[in-house]
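# Survey of secondary and tertiary structure
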Amino acid sequence: MIRVGHGYDVHRFGVGNHVWLGGVRIEHDQGLIAHSDGDVLIHALSDALLGAAALGDIGGLFPDTSDEWVGLAGHRMLQLVRARLQASGFAPVQCDGTIVAQAPRIAPHVPAMCACIADGLGIGLGQVNVKATTTERLGPIGRKEGIAAYAVATIQPL
């Protein structure tokens, strides 16, 4: 049986000179405030995968109260989530993510994001989709206060 999960994450901007999105470092005039690397796309995707397997969420797996996860890289998070799925008898099948950001510009980085996600999950490049949208300058994201992401993932039994 194919199972489906949905994930969402948001982080606000703070001091920094880059952001991590989809496992890719993108130069920017601000960073994202987070316990890990702040990669909202990887966080949303990880929650989608864990949700599909009824394994909770990244807050339970990688609590921000633990120093062990400070600065955790998105690619590593995907590997750990994949291992958790496998230990529970599941494998990723496909994923689709949407980054919601007024800035930075996402489109030039999408191929590298798809490659990083596919590698981290051990699936083919054709099984990963990433896209981006703005909020037409509406709300906190439109005012460039942060970045959000949504993701949907499917898994199947091993």
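Refer to the structure above for everything that follows.
What this report covers is the structure whose coordinates are included nearby. (Residues numbered from 1 in each chain as written. Predicted model: local features only at pLDDT ≥ 70, side-chain atom pairs only at ≥ 80, totals over all residues. Heavy atoms only, no water.)

### A few points about the nonpolar core
One finds L21, L45, I99, M113, I117 and V130 to be the most contacted residues of the largest nonpolar core, which totals 44 residues. If near-sequence neighbours (up to four positions away) are discounted, L45 is found in contact with L78, C95, I117, L121, A151 and A153. (Core = buried A, V, L, I, M, F, W, Y, C linked by side-chain atoms within 4.5 Å. Buried < 20%, exposed > 50% of the residue type's maximum accessible area, 1.4 Å probe, protein only. Contact = heavy atoms within 4.5 Å.)

### Some words on a nonpolar patch on the surface
A cluster of nonpolar residues, I2, V4 and V152, forms a patch on the protein surface that exposes about 260 Å² of accessible area. Examined against the element boundaries, V152 turns out to sit in strand β7 (residues 146-157). (Patch = residues over 30% accessible without salt bridge, like charges linked within 9 Å, V, L, I, M, F, W, Y side chains within 5 Å. Areas by Shrake-Rupley, 256 points an atom, 1.4 Å probe, with all protein chains shown as cover. Salt bridge = Lys/Arg side-chain N within 4 Å of Asp/Glu carboxyl O. Helix = DSSP H or I, 4+ residues; strand = E, 2+ residues; numbered from the N terminus.)

### A word on the environment of T134
Turning to its location among the elements, T134 is positioned in the loop between β6 (128-133) and α5 (139-142). You can call T134 partly exposed: its relative accessible area is 33%. Apart from the residues within four sequence positions on either side, T134 is in contact with A101 and Q102. One polar contact links the side chain of T134 to the main-chain amide nitrogen of E136, over a distance of 3.2 Å. (Polar contact = N/O pair within 3.5 Å; in protein donor to acceptor, adjacent residues only side chain to side chain.)

### Here we look at the state of the cysteines
Tallied over the full model, the rule gives zero disulfides. Cysteine C95 shares no disulfide, and the gap to the nearest cysteine sulfur, in C114, comes to 7.9 Å. For C95, a relative accessible area of 2% corresponds to the buried category. Judged by relative accessible area, C114 falls into the buried class, the value being 11%. (Disulfide = S-S within 2.5 Å.)

### What to know about the pattern of salt bridges
The final tally for this structure, using the stated rule, is three salt bridges. Where R25 meets E27, a salt bridge forms, and the shortest distance between an N and an O atom there is 3.1 Å.

### Some points on unusual backbone geometry
With an omega of 5 degrees, the peptide bond running from A103 to P104 counts as cis. When you line up the elements, P104 lands in the loop between β5 (90-100) and α4 (110-121). The phi dihedral of A54 falls on the positive side, at around 60 degrees, and the residue is not glycine. Looking at the element boundaries, A54 is found in the loop between α1 (40-52) and α2 (58-61). A positive phi angle, near 65 degrees, is found at R137, a position not held by glycine. Tracing the sequence through the fold places R137 in the loop between β6 and α5.

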